[in-house]
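Chain by chain, the residues:
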Amino acid sequence: MSKRENQILQLLKRDPFIQQQEIADILGISRSCVAGHIMNLSKKGYIKGKGYILSNDIYAVTIGAANIDLTSYTYAKLIYEDSNPGKIISTPGGVGRNIAQNIALLKNESYLISVIGNDENGKILFDKTKAAGVNVKYLYKLDGEKTSVYNSVIDENGKCIVSVNDMSILEKLTPTLLSQSKSLIQHASVLVVDCNLTEKSLEWLFNHSRNIPIFFDTVSISKAPKIRHYLSHIHTLKPNRTEAEILSGIKIKTQKDAADAAHWFHERGVQRLILSMDTEGVYYSELDNISGCSPALNTNIINANGAGDAMMAGLVHCWLEGMELKESIRFAQQCSALTLSSENVEIFPKNRSCT
């Protein structure tokens, strides 16, 4: 679905009796253009029959990691090569799983495609993810495999000092397994993919996703290079500064550097770049459209883990709602801030929201 088609679909959702000329006036395009987009939406199955009867099949599919997060917090300045007093908590995690859960908590239909072991950790992940509202039909339980675990140490400032991941089970999320959810993938409103997948699985997704917009999370500097040859398939890319540097070869210190990097990504087919600039905020750029920098929100940082996942979920939610990019960025930053200020990486505690 194109950006314009998505905007029109959202207007039809809010008012199924809206006239084509009214849509044209709102979006600043001709009525004939609106008619063409509506015809395409009908062909793609988003509109059924006359009178703008809308399909209910508007959903997000997230493909990526699901694991148990073990997080160690130190009470004071970390002392290396020594025992540090603190606390250790265990929560459901994984980039893909976190994103899928947050999308669901933002009241969107959300599917997760991932793999877990048929063990106690896998049972916890399955039950918690399902309870959060995520459709777990394609969260595959694999016999004889160990559910992945991510172990991190957080210092007194809320910064992750070091982490260890035991995620070999993700190698079992193969093209053969992904093909079992091919129909779900090819009829999604948006796909969200994280770079924990193998290169063969990423290649399969890029080759079988048709024209579904793909939102991509680069995950880490070691994994980001996997997508260097597939940038033309990505609609929205959300790297941090270092990951963007690794991919583009451009050193990013200033906003001008960020603009140069955005130009580099756009030349290779990326429609939107959402670049985390740490304390400087977020630089955003849309091909042939707007760009700018949204300042960081003032946040009491307790745990930075999962903040990027919450931001991605916010971006996906805004896309499904047909919101403009600048507005989407601020909303996504608010989602991220909620996570930064909570030690619970099961994003969005029940008594809080992004609004």
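The rules behind the values
- Residues numbered from 1 in each chain as written.
- Predicted model: local features only at pLDDT ≥ 70, side-chain atom pairs only at ≥ 80, totals over all residues.
- Heavy atoms only, no water.
- Helix = DSSP H or I, 4+ residues; strand = E, 2+ residues; numbered from the N terminus.
- Rg over C-alpha atoms; globule rule 2.2 N^0.38 Å.
- Buried < 20%, exposed > 50% of the residue type's maximum accessible area, 1.4 Å probe, protein only.
- Contact = heavy atoms within 4.5 Å.
- Areas by Shrake-Rupley, 256 points an atom, 1.4 Å probe, with all protein chains shown as cover.
- Lys, Arg positive; Asp, Glu negative; His and termini not counted.
- Charge placed at Lys NZ, Arg CZ, Asp CG, Glu CD.
- Pairing = 2+ DSSP bridges.
- Right-handed = clockwise from strand over helix to strand, strands pointing away.
- Core = buried A, V, L, I, M, F, W, Y, C linked by side-chain atoms within 4.5 Å.
- Axes fitted to C-alpha atoms, helices over the stretch in contact; angles between N-to-C directions.
- Parallel < 35°, antiparallel > 145°, perpendicular 65-115°, else oblique.
- Left-handed = near helix turned anticlockwise from the far one by under 90°.

Under an unreviewed UniProt entry, the protein chain has the name Winged helix-turn-helix transcriptional regulator and belongs to Xenorhabdus littoralis.

Side note on the overall build of the protein chain
Counting secondary structure elements, the protein chain contains 12 helices and 15 strands. For a compact globule of 355 residues, the expected C-alpha radius of gyration is about 20 Å, and the protein chain comes in at 20 Å, within 12% of that figure. In terms of overall dimensions, the protein chain has a C-alpha envelope of 70 × 50 × 40 Å along the principal axes. When burial is assessed residue by residue, the protein chain has 54% of its 355 residues classed as buried. Contacts in the protein chain between residues at least 24 apart in sequence constitute 63% of all its contacts with a sequence separation of at least 6. Taken as a whole, the protein chain presents about 16200 Å² of accessible surface, with 50% of it coming from carbon and sulfur. Of the side-chain charges in the protein chain, 38 are positive and 37 negative, and the distance between the mean point of each set is 5 Å.

A few points about the pairing of strand S6 (residues 110-117)
Most of S6 sits out of view: eight of its eight residues are buried. The alternating pattern of S6 places Ser110, Leu112, Ser114 and Ile116 on one face and Tyr111, Ile113, Val115 and Gly117 on the opposite face, and all of these are buried. In the sheet, strand S3 (residues 60-63) pairs with S6 via four bridges, with the strands oriented parallel. Bridged to Ile63 within S6 is Ile113. Relative to strand S7 (residues 139-142), S6 runs parallel, the two sharing four bridges. If you follow Ser114 over to S7, its bridge partner there is Leu139. Following the chain from S6 across helix H5 (residues 120-131) to the adjacent parallel S7, one finds a crossover that is right-handed.

Here we look at the environment of Ala262
Positionally, Ala262 belongs in helix H10 (residues 255-267). For the pair Ala262 and Leu287, spaced 25 residues apart in the sequence, the C-alpha separation amounts to 8.8 Å. Once residues lying within four places of it in the same chain are set aside, the contact partners of Ala262 are Leu273, Tyr283 and Ser285.

Structural notes on the nonpolar core
Membership of the largest hydrophobic core comes to 49 residues, with the highest contact counts inside it found for Ile63, Ile113, Phe216 and Ile227. Ranked by residues supplied to this core, first place goes to H10 with five residues. Residues Leu9, Leu41, Phe215 and Met311 belong to the second largest nonpolar core, which totals 36 residues.

Remarks on the pairing of strand S14 (residues 282-286)
Burial of S14 is extensive: five of the five residues sit out of reach of the surface. Burial along S14 is two-sided: the residues Val282, Tyr284 and Glu286 and Tyr283 and Ser285 are all buried. Inspection of the sheet shows strand S13 (residues 272-276) paired to S14 by five bridges, in the antiparallel sense. Along S14, the bridge assignment pairs Ile274 with Tyr284. Here S13 hands over to S14 after five residues, with Asp278 in that stretch at a positive phi of 60°.

A look at the packing of helix H4 (residues 95-105) against helix H11 (residues 307-320)
Where H4 contacts H11, the two axes come as close as 8 Å, and the packing angle between them is 45°. Between H4 and H11, the angle is such that the two are oblique. Seen from above, H4 lies across H11 with right-handed handedness. Residues Val95, Asn98, Ile99, Asn102 and Ile103 of H4 form the contact with H11, whose participating residues are Asp309, Ala310, Met312, Ala313 and Val316.

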